[in-house]
Amino acid sequence: MTVLLLVLPLLGCLAVLGLPPKRAAAFGVAVTSATLATALLMAATFDYHRSGFAQFSVNAPWIPLIDLRIHLGVDGISLPLVVLTALLCALCAGYLARPSGQPERPRALVALLLLTEVGMLGTFVALNLLLFFVFFEVVLVPMYAVIAGWGGQRRAAAARQFILYTLLGSGVLLVGLLLLYSRTSTMDMVVLVGRAGTGLSHGVQVLGFLLIAGGLAVKVPVWPLHSWLPDAHTQAPTVGSVLLAGVLLKMGTYGMVRIAVPMLPEGAVALAPALGALGVAGIVYAALACLAQRDLKRLIAFSSVGHMGFVLLGIATLTPVGINAALLGNIAHGLITGLLFFLVGGIAQRYGSTDIDRIGGGLLAKAPRLGSLLVFAAVASLGLPGLAGFWGEMLAMLSAFRPAGGLNPALYLVFLAVAGLGTVLTAAYFLVMLRRVAQGVVPPRWTAERFGDVTAREWVAWTPLLVLVLAIGLWPRIVLGVTDGAVRVLLRGG
Amino acid sequence: MLQAYVPLVLLFALAGAFALFSVAAAPYIGPRRYNKAKLDAYECGIEPSPQPIVGGGRMPVAYYLTAMLFILFDIEMVFLYPFAVSANALGMFGLVEIALFVATVGFAYAYVWRRGGLDWN
Amino acid sequence: MSGFFSQAQQLQAPDVAYQAVLPMLLVLGAACVSVLFEAFLPRERRWGWQVALTVVTLAGAAISLIVYGNDAPKAGVKTFSDVLTIDRPTLFLWGTLLLLAFGAVLLIADRSVEPGGAFVAQAAIRPGTLQDRVQAAKVGMQTEVFPLTLFALGGMMVFCAANDLLTMFVALEVLSLPLYLMAGLARRRRLLSQEAAVKYFLLGAFASAFFLYGIALLYGYAGSVKLADIATAAAGTNRSDTLLFAGMGLLVVGLLFKASVGPFHTWTPDVYQGSPTPVTAFMAACTKVAAFGGILRVLMGAFASTNWEWRGVLWGVAIASMAIGAVLGLTQTDVKRMIAYSSVAHAGFLLVGSIALTSKGVSGTLFYLLAYGLTTVATFGIVSLVRDADGEASHLSQWAGLAKRSPIVAGVFTFLLLALAGIPLTSGFVGKFVVFSAALQSGMAPLVVVALVFSAVAAFFYLRVIVLMYFSEPAADGPTVTVPGAFTTMAITIGALATLVLGVFPSFALDWAGAGGFTF
């Protein structure tokens, strides 16, 4: 089934090029829906008692000489991300198919979208380090093309920054993987997790962790490597922003949880404090930056840096609680930020701008349902209890109380305090944004304009996200129950 | 062991000094009687080919072809002598080899001949 | 005099393993026949005969190579008084050269893209004159390019197999001299083409002189020009290291020049740009294979034991080459110059593999050469297709919006550029991977990091071209994409397919490349 998951969008990607342009978007919806159905079927038939072990595995040789094998499988860590990816891709395809806003060159855009989906899903199901890297790279080029081809006015610079940063990041990652390979002579992730770093000297572990986590950090992005992100998110078209924030960033943290921490435990212990420090620095930095933003897309982009800071803090504790929190935070951020970007896309379509001053407030009066949804997504993002964003942040901070052995508890208490300050600032900037966009009277320039509230199609697209945000918020076991078993396996070393 | 080369170095120095001395001394002690031939560029002792008025000069390509052909057969000779000396030792193999070598040079000659490289005009 | 005679009597006719060297003999023999064709066939029939002869020769050489390779002794064969070594790397390099030369010959033979072929109809005409315009419009070309190609190829094959430095030097000249001439044979933009030829010749002559001086010093050091003797001398004596390293330095400079490794690359952009595009393809693919074949053999054969002394220098050279290629490539506005700088960057990557000095390094570099060569031939095939009234439209601005005019050509070119950038699922990625992992295993982690950084920078300028083709509006009077004839189509297809196959199923080629090591 994992193969089907990858083959469907890949075949779709090839087939769509042969279709007439008008049909492309509808075909994209069909393919992504079929992929989503496959993902859901997997989730339904997944054996949740054995969530720590790869299921639906495939293991076939590809290029034996460099130990590249088609080794795929899904466990408790990857399953939620696979479903999230399939869902967001289907929603993006649906967004492209709406009659009001057919994109230019729809065939190419749909094909790139499907290719990105192959790469993203492949990254999450790969169980061979080199295969992981191959899929990791496959995502880059189509994403670059999406930004460069369908982006906003300053897309060229944004796309350039994106590709330079991420290619450099993958370069460093590849060196790390090669180092690991040259010292263990296997690329099999299951085997490497099982060994949990035995046979690797302390120096190699630290260097390997530095390279692998460093390469992934660009993708996360970890402050101060984040500077590609605001531009890329702002300039990318809506579907690009949704996938960037919703899935691409997760590939980085997923890699850390899946590869860096379990395979190089000594390196993790040595460098986790630094990771945590960068995480909380990112939280505070992003919050301050958000307070200064005047563009909605940029604001959400910077808020991603902050949310990822919490995820990093969770990982940096190296405890099961922390890593579960990180994975939950990943999913929650994917859902909420995906929703936010869709909403901002809707606002941009109506107002023709995402500039906060230009919108000038009164969204709740002008389009009450759209306004309410924005309020909902914003408070979910700032971590209101009862919504998905809360648990990831809360558990991450909780885990910082008791970091794993070998880490300095006092240091983590400092992280905790700073992160707490960050949550306050996060709440502040989201509330300021809502006051300036949603509340207040409609400015005179918009009173004469007529634009509709949320359309039926938009409801269809956004409802799954709304429901999941609420469901995970009320009952986080949906995710934690799946991830916990796998996390314990990873940290125990098989 | 390098001492063996000292006479050689001395000879070089002497030759260089002589050349320098001759060139330097000529303007002071030599008679000065100029004519056209003396002031012209030296080109193998014949009169220099006329230069076009614009666009720099053209050299007759025939010079180069002849020179190249000369080198070709010169080199052939250089190889033929040692072959002749050791023909007995090399036997049949050497004979075939040298025949091939001569044939190869012959191909080049045939090419030059057929494509008009030997026509002076 | 009597001493001379007695020496002559000691001469022995060498043993020749004819079957092993048959591919090489076929190519060189065909080159001679090709000269006779030029001499005796009437002008209008030359092209057909030459193409047939060249293609049949390459095929025959390939078949004889395969037949011999199937049951060749694993340890290799030394022949012609041990001046040539036919070992596994030699066989792989020969196969690569024959394959790449076949692709290049297809491009050279094409007469549909540029009516009459990419080569000058009559060479000795001053550029820009009336006669030159008449020449450019003439149908027909100087078919001397075929024997020249065969001679160059033969030289390359000897170069890869040479077991002593003097043979290597002779082969170097045999491969270089035809290339100097071929660079000057473009039908259009004669001045640029002639400039390229002269530059290549002058700088190439310098490089040859360096090479020869290096040989002289090494002979002074070891008393022999054989690689194995130099290695023995270097391993176990207390002779003057100055001679050894000065000789090696000069020798390697000559080799690096041929391989267009920066900072010895300065001829590359000008020559790539000025030469007729099929010749550029031949030079970029085959010369690089031959030069790196030589570098690998010299470094492994003669200098492996002293690598602690010189490796640092070649680290620096590799870094410089990658930096020059990647950074200056960013600033180029001409497609051919851009690919030239990319080849400088690739030469840096190849050097990383070459100085690993392990069997993995050798096999990785060999695979990289095959992959890079095939991609390059196809790339130049595509470059020759985009034309306007003045011939090839190689300025990047003219490529804007190409995907709208010709989606297939733009698609194939995109794929090839991704391969040059080393994106996974192309041969470029596998090549980089094997080279870098070999380098890492021999303890060159910092160099690998630097290489990856520069490969990311280089990747960016390929992507820039892709974006330009797809997302820019085409200029109103932009170039057209010529529908290629059978020859060019075949060359591009072979190159692109090989790029895909070597990217997805490279095992067979990796096995061949790793089948055995050098014999000295």
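Residues numbered from 1 in each chain as written. Chains lettered and ligands numbered in written order. Predicted model: local features only at pLDDT ≥ 70, side-chain atom pairs only at ≥ 80, totals over all residues.

You'll find chain C entered in an unreviewed UniProt entry as NADH-quinone oxidoreductase subunit N, with Solihabitans fulvus given as the organism. Of the comments in the UniProt record for chain C, the one headed Catalytic activity (unreviewed entry) reads "a quinone + NADH + 5 H(+)(in) = a quinol + NAD(+) + 4 H(+)(out)". Looking at chain C in UniProt, the text filed under Sequence similarities (unreviewed entry) is "Belongs to the complex I subunit 2 family." (UniProt positions renumbered as here; feature names shortened; annotations may be inferred.)

You'll find chain A entered in an unreviewed UniProt entry as NADH-quinone oxidoreductase subunit M, with Solihabitans fulvus given as the organism. Under the UniProt heading Sequence similarities (unreviewed entry), the note attached to chain A is "Belongs to the complex I subunit 4 family."

Peer 1: Requested: an account of the overall build of chain A, with residues and values cited.
Peer 2: Of regular secondary structure, chain A possesses 21 helices and 2 strands. Overall size of chain A, expressed as C-alpha extent along the three principal axes, is 70 × 55 × 40 Å. Counting every position in chain A, which comprises 494 residues, the buried fraction comes to 63%. Residue pairs in contact within chain A that sit at least 24 positions apart in sequence constitute 80% of those at least 6 positions apart. (Helix = DSSP H or I, 4+ residues; strand = E, 2+ residues; numbered from the N terminus. Buried ≥ 20, exposed ≤ 12 C-beta atoms within 10 Å, placed from the backbone. Contact = placed C-beta atoms within 7 Å.)

Peer 1: Run through the packing of helix α13 (residues 320–351) of chain A against helix α21 (residues 477–492) of chain A, naming residues and quoting values.
Peer 2: Residue and element names in this part refer to chain A. Where α13 meets α21, the closest approach of the two axes is 9 Å, and the angle between their N-to-C directions is 135°. By the angle between their directions, the pair α13 and α21 is classed as oblique. The two elements α13 and α21 meet at a crossing, and its hand is right-handed. Judged by residue contacts, Pro-320, Ile-323, Asn-324, Leu-327, Leu-328 and Ile-331 of α13 engage Val-479, Leu-480, Thr-483, Asp-484, Val-487, Arg-488 and Leu-491 from α21. Across the contact of α13 with α21, the residue classes tally to 9 nonpolar, 2 polar and 2 charged. (Axes fitted to C-alpha atoms, helices over the stretch in contact; angles between N-to-C directions. Parallel < 35°, antiparallel > 145°, perpendicular 65-115°, else oblique. Left-handed = near helix turned anticlockwise from the far one by under 90°. Nonpolar A, V, L, I, M, F, W, Y, C, P; charged D, E, K, R; others polar.)

Peer 1: Run through helix α18 (residues 427–441) of chain C, naming residues and quoting values.
Peer 2: All names here are of chain C. Compared with the 21 Å implied by 1.5 Å per residue over 15 residues, the 21 Å span of α18 between its first and last C-alpha is a close match. Of all 15 residues making up α18, 14 are buried, and the element is well covered by its neighbours. Gly-443 sits one or two residues past α18 and shows a positive phi near 75°. (Expected span 1.5 Å × (residues − 1).)

Peer 1: Report on the interface of chain C and chain A, specifying residues and quantitative values.
Peer 2: Counting residues at the interface gives 27 residues for chain C, matched by 24 residues for chain A. Elements that contribute at least two residues to the side of chain C that touches chain A include exactly α18, α19 (445–471) and α21 (507–513) of chain C. Looking at the side of chain C that touches chain A residue by residue, the class counts come to 22 nonpolar, 4 polar and 1 charged.

Peer 1: For the arrangement of the chains, give the residues involved together with the corresponding values.
Peer 2: If you rank the 2 pairs of chains in contact by how many contacts each has, first place goes to chains A and C. When C-alpha atoms are compared, chain A and chain B, though not in contact, are closest at a spacing of 45 Å.

Peer 1: I'd love a proper account of the interface of chain C and chain B, names of residues and values included.
Peer 2: Residue-level contacts link 12 residues of chain C with 15 residues of chain B. Of all the elements in the fold, those that place two or more residues in the side of chain C that touches chain B are α1 (2–10) and α2 (18–40) of chain C. Residue composition of the side of chain C that touches chain B, grouped by class: 10 nonpolar, 1 polar and 1 charged.

Peer 1: Requested: an account of the UniProt feature "domain: NADH:quinone oxidoreductase/Mrp antiporter transmembrane" (unreviewed entry) in chain A, with residues and values cited.
Peer 2: Per the UniProt record, "domain: NADH:quinone oxidoreductase/Mrp antiporter transmembrane" (unreviewed entry) is annotated on residues 126–402 of chain A. The annotated region residues 126–402 of chain A carries 82% helix and 0% strand content, and the separation between its end C-alpha atoms amounts to 32 Å.

Peer 1: Describe the nonpolar core, listing the residues and the values that go with them.
Peer 2: Within the largest apolar cluster, 412 residues are counted, with the highest numbers of intra-cluster contacts made by Leu-97 and Cys-286 of chain C. Looking at this core, the element that brings in the most residues is α19 of chain C, giving 20 residues. (Core = buried A, V, L, I, M, F, W, Y, C linked by C-beta atoms within 7 Å.)

Peer 1: Give a detailed account of the packing of α18 of chain C against helix α20 (residues 486–504) of chain C, specifying residues and quantitative values.
Peer 2: Residue and element names in this part refer to chain C. Interhelical geometry of α18 versus α20 gives an angle of 50° and a closest axis separation of 7 Å. When the axes of α18 and α20 are compared, the pair comes out oblique. For the pair formed by α18 and α20, the contact residues are Ser-427, Phe-429 and Val-430 on the first element and Ala-498, Thr-499, Leu-502 and Gly-503 on the second. Tallied by class, the residues present in the contact of α18 with α20 amount to 4 nonpolar, 3 polar and no charged.

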